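Residues per chain are reported as follows:
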Amino acid sequence: FFQAEDGIRDYKVTGVQTCALPIYSYDAHIGLGVALRGLAAAQDRDQAMLQQSQQEYERAQQIDATRPDAYYNLGVLHMGYMGGQIPDLERAKGFLQQFQQRAANNARYAAQNTQAAQHLRNIDQTIAALRAMASIPGAAAPTPAPAGAAPAGAAPAGAAPAGAAPAGAAPAGAAPAGAAPAGAA
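Residues numbered from 1 in each chain as written. Predicted model: local features only at pLDDT ≥ 70, side-chain atom pairs only at ≥ 80, totals over all residues. Heavy atoms only, no water.

Colleague: In this structure, what is going on with the pattern of salt bridges? I would like to understand it.
Modeller: Note on pairing: side chains with opposite charge can pair once their charged atoms come close. Applying the stated criterion across every chain yields a total of five salt bridges. Between R59 and E56 there is a salt bridge, and its shortest N-O distance comes to 2.5 Å. Here R59 pairs with E56, and both are found in helix α3 (residues 47–63), just three residues apart, close to one helical turn. Take R59: its relative accessible area is 27%, and that puts it in the partly exposed class. Of the residues examined, E56 reaches a relative accessible area of 2% and is grouped as buried. A salt bridge links E90 to R131; the shortest N-O distance between them is 2.8 Å. Within this pair, whereas E90 is found in helix α5 (residues 86–103), its partner R131 is found in helix α6 (residues 110–134), the two being separated by 41 residues in sequence. Taking the relative accessible area as the measure of exposure, E90 reaches 39% and is therefore partly exposed. (Salt bridge = Lys/Arg side-chain N within 4 Å of Asp/Glu carboxyl O. Helix = DSSP H or I, 4+ residues; strand = E, 2+ residues; numbered from the N terminus. Buried < 20%, exposed > 50% of the residue type's maximum accessible area, 1.4 Å probe, protein only.)

Colleague: Mind showing me how you'd approach the packing of aromatic side chains here?
Modeller: The way to describe two aromatic rings as a pair is by their centre distance and the angle between their planes. Summed over the entire model, instances satisfying the criterion amount to two aromatic pairs. Note on Y72 and F99: the rings are 5.2 Å apart at their centroids and 65 degrees apart in plane angle, and the pair reads as edge-to-face. With Y72 in helix α4 (residues 69–80) and F99 in helix α5, the pair connects residues that are 27 residues apart, well separated along the chain. For the pair Y72 and F99, a shared accessibility class is recorded, and that class is buried. Grouping aromatic residues by their ring pairs yields a cluster made of Y72, F99 and Y109. (Phe/Tyr/Trp six-rings, centres within 6.5 Å; stacked < 30°, edge-to-face > 60°.)

Colleague: It is not clear to me how the confidence of the model for the chain should be interpreted in this structure. Could you clarify?
Modeller: Mean pLDDT over the chain: 74, with 62% of residues reaching 70 or higher. Contacts for the low-pLDDT stretch residues 1–18, under 50 throughout, to residues beyond four places or in other chains number 31 contacts. Every residue in residues 147–185 scores below 50 in pLDDT, and together they form 96 contacts with partners more than four places removed in sequence or on other chains. (pLDDT = per-residue confidence, 0-100. Contact = heavy atoms within 4.5 Å.)

Colleague: Got a minute to help me understand α6 in this structure?
Modeller: Side chains of residues three or four places apart in an α-helix project in the same direction, reflecting 3.6 residues per turn. Taking 1.5 Å per residue, 25 residues should reach 36 Å; α6 reaches 36 Å between its end C-alpha atoms and fits that length. For α6, the set of buried residues is Q112, N113, A116, H119, L120, N122, I123, I127 and L130. (Expected span 1.5 Å × (residues − 1).)

Colleague: Help me understand the nonpolar core in this model?
Modeller: When a protein is soluble and globular, its nonpolar side chains tend to lie buried together. Residues I30, L77, F99 and I123 are the most contacted members of the largest nonpolar core, which totals 30 residues. Residue assignment for this core shows that the elements contributing at least two residues are α2 (26–42), α3, α4, α5 and α6. (Core = buried A, V, L, I, M, F, W, Y, C linked by side-chain atoms within 4.5 Å.)

Colleague: I'm lost on the environment of A116 in this one. Help?
Modeller: As for its position among the elements, A116 is in helix α6. Looking at A116, the relative accessible area reads 0%, which means it is buried. Through-space distance from the C-alpha of A116 to that of Q97 is 7.9 Å; in sequence the pair is 19 residues apart. Ignoring anything within four residues of it in the chain, the contact list for A116 reads Y72, L96, F99 and Q100.

See below:
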């Protein structure tokens with residue numbers, strides 16, 4: 001840990017004053033993003049934490065844009081936490097499609113590809129329902145579902161790929177809406 005992200009040392013954000021995150025560790029940024037997403041969900045979708053979670057996934061993309069984990073997590077973040085409106089869902093769809101493209105030929109991500117396909121079907125159905133509601137005169141706009149909720153009969157919004165972050169990096173239950181695929185190398 002020769003170099004650390006100074007922002008991670010803010011005890012108001014993580015509850016840890018002395019945490020040093022290696023700036024070139026893809027898996028560390030994914031793990032921190034998942035943890036922040038979980039904390040945000042526990043605190044009524046704390047927008048500052050959701051933005052920090054997104055920034056961690058984006059940092060992971062900057063480190064290695066070919067790895068699919070960050071795209072999956074950005075998809076889950078926008079699908080289940082960022083407002084639930086059509087633009088959020090369309091952005092989630094784009095990230096999940098990018099995940100599928102990057103993980104398509106990798107057997108390690110087979111289960112996550114199946115989950116991403118289910119998420120994409122749920123997103124398409126939700127967008128269609130939101131558009132149908134918008135076309136009904138006098139209809140009230142639907143309230144977005146709580147984090148982790150899914151339409152009846154659908155997979156949970158955060159169905160997690162196995163093994164969220166590098167071994168030992170993600171505490172059990174830290175991310176109710178899912179986690180990154182197992183620390184792929």
